[in-house]
Each structure stands twice: as structure tokens, then as C-alpha cells.
Amino acid sequence: MNLVTALAIVIGVMGGIATWLVLGPLAMLGLQIWIIFIAWASYFHCGGGEAGAKASLPAMLWGAIMGTIALAVIGSLGGAGGLFGVSAVVGITVIILILGAHLPLLAAIPAGVYGYACAAAFGLLKADAAALGFNLGTGVFTTVALSIIVGTLLGWISGKIAGALAKG
């Protein structure tokens, strides 16, 4: 079996199981399946294997930190800065996010942007999200970070299984 076919089958089956777990038996954890899939894709986008995990995971978590900080600062403005204030906070935190790529650990800029977008989207979609809270399902960074870690782990596992199937 070729690698693309193996990946299609493995990721499809594992993605279905992950969705069932996140929406069913593990729903109380508040994991976000869409963030898991983004992290899973980022893992492969960064090359897969150990190198993909080492590139994607820290950069995505860095992005989630910066997205969470942006939400917290915007929330603290209380509308004081209006559209300009929100735009300035996003601009400044994105500059800091990308400047982080000067560090080799954070060099995967697209993965950092994925993490930032996940934090921002989760915070904006969840009316009861607490930017600086640490509760799973409502705390932005905690929920996003754990979902990113699970997605990266699923990427690693699916890559190993698909690689074994492609060799067989």
C-alpha cells in the first residue's frame, strides 16, 4: 500500500475515533476536535516524525500563548480602545509571535499562527471562555494547549501506523 493511501485510512479511522471520544466519553475534558485536527495537520505540515513534533508543538503552543495574551489584553480594555485598540493588540501580539521565530524552537511560523488562531477562535466562540482561566473547556490556553498536545500525539501515532502499513 502506498503511503498516501495508508495515511488516508489511518487518519480517517483515528479521526473518527477521536471525534467520538472528544464528543462522547471524554466530553467533560472540553477538548476541541477542530483544534486537535489543526494540530494533527500542523504536525504533518512540519514534516512529521520526531522533527515534525519538535517543530510544530512548541510553535503552536507559543502561538496559543500569544493568542491568549491578546484575548486577555483586549478583554481588559473593556471597549476603551475600540476597533483601533483591538487591532493594535492583535498587530503587536502577532509581531511578537513571529519575532519568536528567531529562536530555533519557535521557527515554524505557520504552526505558531495556527496556535494563535486556535486560541483566538476558541476565545471568540466560547461566550464563557476565560482568557486567563485554567479550567478545561473554558480556559483558553488550557483547553487549546491540551487539544494541541493531543493532536500532535495523534499525528505521531498515525504516522507510525501508516508508515508500517506502507512498508507491508
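That block above? That's the structure.
Heads up: these notes are all about the structure in this document.

A count of helices and strands for the protein chain gives 6 helices and 0 strands. When the elements of the protein chain are put in sequence order from the N terminus, they spell out α-α-α-α-α-α. For a compact globule of 168 residues, the expected C-alpha radius of gyration is about 15 Å, and the protein chain comes in at 17 Å, within 12% of that figure. Summarising its shape, the C-alpha atoms of the protein chain cover approximately 60 × 40 × 20 Å along the three principal directions. When burial is assessed residue by residue, the protein chain has 39% of its 168 residues classed as buried. Counting contacts in the protein chain only where the partners sit at least 6 residues apart, residues at least 24 apart contribute 67% of the total. Accessible surface, the protein chain: about 8,500 Å² in total, of which carbon and sulfur atoms supply 78%.

Residues Met1, Ile9, Val13, Ile17, Ile161 and Leu165 make up a contiguous nonpolar surface patch of roughly 520 Å² in combined accessible area. Of all the elements in the fold, those that place two or more residues in the nonpolar patch are α1 (3–23) and α6 (140–167). Looking at which element gives the most residues to the nonpolar patch, the answer is α1, with 3 residues. Structurally, Ile9 is set in helix α1. Among the residues examined, Ile9 registers a relative accessible area of 44% and is labelled partly exposed.

What follows is about the packing of aromatic side chains. Summed over the entire model, instances satisfying the criterion amount to 2 aromatic pairs. Judged by centre distance (5.4 Å) and plane angle (15°), the rings of Phe37 and Trp40 are stacked. One end of the pair is Phe37 and the other is Trp40, both in helix α2 (residues 33–45) and 3 residues apart, which spans about a single turn. Consider the rings of Tyr43 and Phe44, whose centres lie 4.9 Å apart with planes at 80°: the pair is edge-to-face.

Before going further, it helps to spend a moment on the nonpolar core. For soluble globular proteins, the rule of thumb is that nonpolar side chains tend to be buried together. By size, the foremost hydrophobic cluster in this structure holds 17 residues, and its most contacted members are Ile35, Met60, Val140, Val144 and Ile148. Taken together, the elements giving at least two residues each to this core come down to α2, α3 (49–77), α5 (109–125) and α6. Looking at which element gives the most residues to this core, the answer is α3, with 5 residues. Sequence-distant contacts of Ile148, that is, excluding residues within four places in its chain, are made with Ile35, Ala39, Leu57, Met60, Leu61, Ala64 and Gly115. Membership of the second largest hydrophobic core comes to 12 residues, among which are Ala18, Val22, Leu154 and Ala162.

The subject of this paragraph is the packing of α3 against helix α4 (residues 82–99). Interaxial distance between α3 and α4 falls to 9 Å at its minimum, and their mutual angle equals 155°. By the angle class used here, α3 and α4 are roughly antiparallel. The hand of the α3/α4 crossing is right-handed. Residues Trp62, Gly63, Met66, Ile69, Ala70, Val73, Ile74 and Leu77 of α3 pack against Gly85, Val86, Val89, Val90, Thr93, Ile96 and Leu97 of α4. Of the residues contributing to the contact of α3 with α4, the split by class is 12 nonpolar, 3 polar and no charged.

Reading guide: rules and limits
Residues numbered from 1 in each chain as written. Predicted model: local features only at pLDDT ≥ 70, side-chain atom pairs only at ≥ 80, totals over all residues. Heavy atoms only, no water. Helix = DSSP H or I, 4+ residues; strand = E, 2+ residues; numbered from the N terminus. Rg over C-alpha atoms; globule rule 2.2 N^0.38 Å. Buried < 20%, exposed > 50% of the residue type's maximum accessible area, 1.4 Å probe, protein only. Contact = heavy atoms within 4.5 Å. Areas by Shrake-Rupley, 256 points an atom, 1.4 Å probe, with all protein chains shown as cover. Patch = residues over 30% accessible without salt bridge, like charges linked within 9 Å, V, L, I, M, F, W, Y side chains within 5 Å. Salt bridge = Lys/Arg side-chain N within 4 Å of Asp/Glu carboxyl O. Phe/Tyr/Trp six-rings, centres within 6.5 Å; stacked < 30°, edge-to-face > 60°. Core = buried A, V, L, I, M, F, W, Y, C linked by side-chain atoms within 4.5 Å. Axes fitted to C-alpha atoms, helices over the stretch in contact; angles between N-to-C directions. Parallel < 35°, antiparallel > 145°, perpendicular 65-115°, else oblique. Left-handed = near helix turned anticlockwise from the far one by under 90°. Nonpolar A, V, L, I, M, F, W, Y, C, P; charged D, E, K, R; others polar.

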